[in-house]
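Single-letter residue listing:
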Amino acid sequence: MRNSGYIELLPRHRVTPDAALTKRDFLKFCGASLCALSSSYLIGYPEPVRAQAARKGLIKTKQSLYSTSFEGGEVQCGLCPHRCRVAKGKRGICRVRENRDGRYYSLVYGNPCAVHLDPIEKKPFFHILPGTTSFSLATAGCNFQCKFCQNWEISQASPEDVYSYEVSPELIVKKAKEIGARSVAYTYVEPTIFYEYMLDICTLVKKSGLLNVYHSNGFINPDPLKNLCKVLDGANIDLKGFTEDFYHELCNGQLTPVLETLKTLKKEKVHLEITNLIIPTKNDELSVLREMCLWIKRELGTDTPIHFSRFYPLYKLKSLPPTPVSTLEKAREAASSAGLEYVYIGNIPGHAGENTFCPKCKKMIIQRTGYMVGEINLKDGKCRHCGKPVPGIWT
Ligand code: SF4
């Protein structure tokens, strides 16, 4: 995998409201100072021993919390709707869970392969502690095989294929606090596949006063999800499309369980945001996007923030063009017409669709340029101009 280089930590990455950045300036700024702190810096290994500390194939095991063993040695995993039935010595679809002698094990407990300090806006969370950083981590593996995955080098890898670190949950929390992060994020790949590790970190994070935030594909079974909700503060769920065909053909997944996850998160009162990556010719039909927005309005509420994100050609969809800006703008209009109140455009730094506007008085509440936050017009979680409450976690 590629690590981002060492950067200086900026606890609050803010710009003045009138700061005008070209896209080039913005990318340069991100590359130089904002993207992330490297894994080795964050977990404290000095440069000369980094190569030995992070070694390929490091595998630590922990027995799976959700699995059933059968006579004859087969096991069935209960973590996600794939419900893999796995013979002795074999692994599930996500590549990081293995049947060892009739017992099922996570192979990535305490072995993240990516540890970064990111702006929380990168997750993206626009309604949680704007302008703060999130200590972000992932292990190898994923339960989807999205043809457009931007992290395919780790998500489509087995633990042996990547360089991993040995980091206990206690060390994650300690480092997150030391470096000034306000939250810990489980992200980059589907966090469900490192569930036991995530849950143990979440429990410690909760006691420490930081927040737990999770960017997920939503492909998790109800029981582990409800258990996770007890310690989870915020979730951003990728609603990758709104047809079963899209999920089947491009992700090796299913839509229905993802919709159930969204409803459960809402019911369990976890702060919820949604991301929809719009891919030209694959999920950009306006009528389907409208249908999706109406479902969100009906089932989750008009105050659910949604991020329409721009696709760039990569991995197995390199032949497609980037999403036209006009497509994203039409999607935003359709969502607003459907009644959604917080509709964003992502991956186009400097676009007005990055800002938060009050649905009542229409004035700007939070100004953003890419991952940088400018003016914030909120007071006690309400619009400073008209007093309307804005959903989110603000202090
Ligand atoms: S978490 Fe992995 S092993 Fe378990 S059901 Fe899902 S893909 Fe299969």
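Presented here is a report on the structure given in the accompanying data block. (Residues numbered from 1 in each chain as written. Predicted model: local features only at pLDDT ≥ 70, side-chain atom pairs only at ≥ 80, totals over all residues. Heavy atoms only, no water.)

### Some thoughts on the pairing of strand β15 (residues 306-310)
Burial runs high along β15: five of the five residues are buried. Judged by which residues are buried, β15 turns out to be covered on both faces: I306, F308 and R310 on one side and H307 and S309 on the other are all buried. As paired strands, strand β14 (residues 271-278) and β15 are joined by five bridges and run parallel to one another. Of the residues in β15, the one forming a bridge with I274 is I306. A crossover connection joins β14 to the parallel β15 through helix α10 (residues 286-299); in handedness this β-α-β unit is right-handed. Assessed by its sense of winding, the connection that carries the chain from β15 through helix α11 (residues 325-338) to strand β16 (residues 343-346) is right-handed. (Buried < 20%, exposed > 50% of the residue type's maximum accessible area, 1.4 Å probe, protein only. Helix = DSSP H or I, 4+ residues; strand = E, 2+ residues; numbered from the N terminus. Pairing = 2+ DSSP bridges. Right-handed = clockwise from strand over helix to strand, strands pointing away.)

### Structural notes on helix α5 (residues 169-178)
Among the residues of α5, those classed as buried are P169, I172, V173, K175 and A176. Along α5, the residues classed as buried sweep out an arc of 165° about the axis, all on the same side. When the buried face of α5 is taken as reference, the exposed residues oriented beyond 90 degrees from it are E170 and E178. Phi turns positive one or two residues past the end of α5, at G180, with a value near 90°. (Arc of directions from axis to C-beta.)

### Looking at the environment of R103
With respect to the secondary-structure elements, R103 resides in strand β7 (residues 103-106). In this structure R103 comes out as partly exposed when scored by relative accessible area, which is 47%. Between the alpha carbons of R103 and K88 there is a distance of 8.4 Å; along the sequence they are 15 residues apart. Not counting residues within four places of it along the chain, the set of residues in contact with R103 comprises Q63, V75 and E98. (Contact = heavy atoms within 4.5 Å.)

### What to know about the sheet that holds strand β2 (residues 62-63)
An order of β2-β7-β6 is seen for the three strands of this open sheet, with the pairing classed as antiparallel. Lying at the two open borders of the sheet, with one neighbouring strand each, are β2 and β6 (97-100). Bridge analysis of β6 against β7 gives four bridges, and the strand direction is antiparallel. When the bridges of β7 are listed, E98 appears paired with Y105.

### Looking at the packing of aromatic side chains
Ring pairs (aromatic) are described by centroid distance and by the angle formed between their planes. Inspection of the entire model under this criterion finds ten aromatic pairs. Taking 6.1 Å as the distance between ring centres and 75° as the angle between the ring planes, the aromatic pair formed by F144 and Y247 counts as edge-to-face. Residue F144 is located in the loop between β9 (133-138) and α4 (152-155), and its partner Y247 is located in helix α8 (residues 244-251); the two are separated by 103 residues in the primary sequence. Of the two residues, F144 and Y247, both sit in the buried class. In this structure an aromatic cluster arises from ring pairing among F144, F148, F219, F246 and Y247. In this structure, R85 packs its charged tip against the face of F70, placed 3.9 Å from the ring centre. Across from the ring centre of F126, 3.9 Å away, lies the NZ or CZ of R368, which sits over that ring. (Phe/Tyr/Trp six-rings, centres within 6.5 Å; stacked < 30°, edge-to-face > 60°. Lys NZ or Arg CZ within 6 Å of the ring centre and 35° of its normal.)

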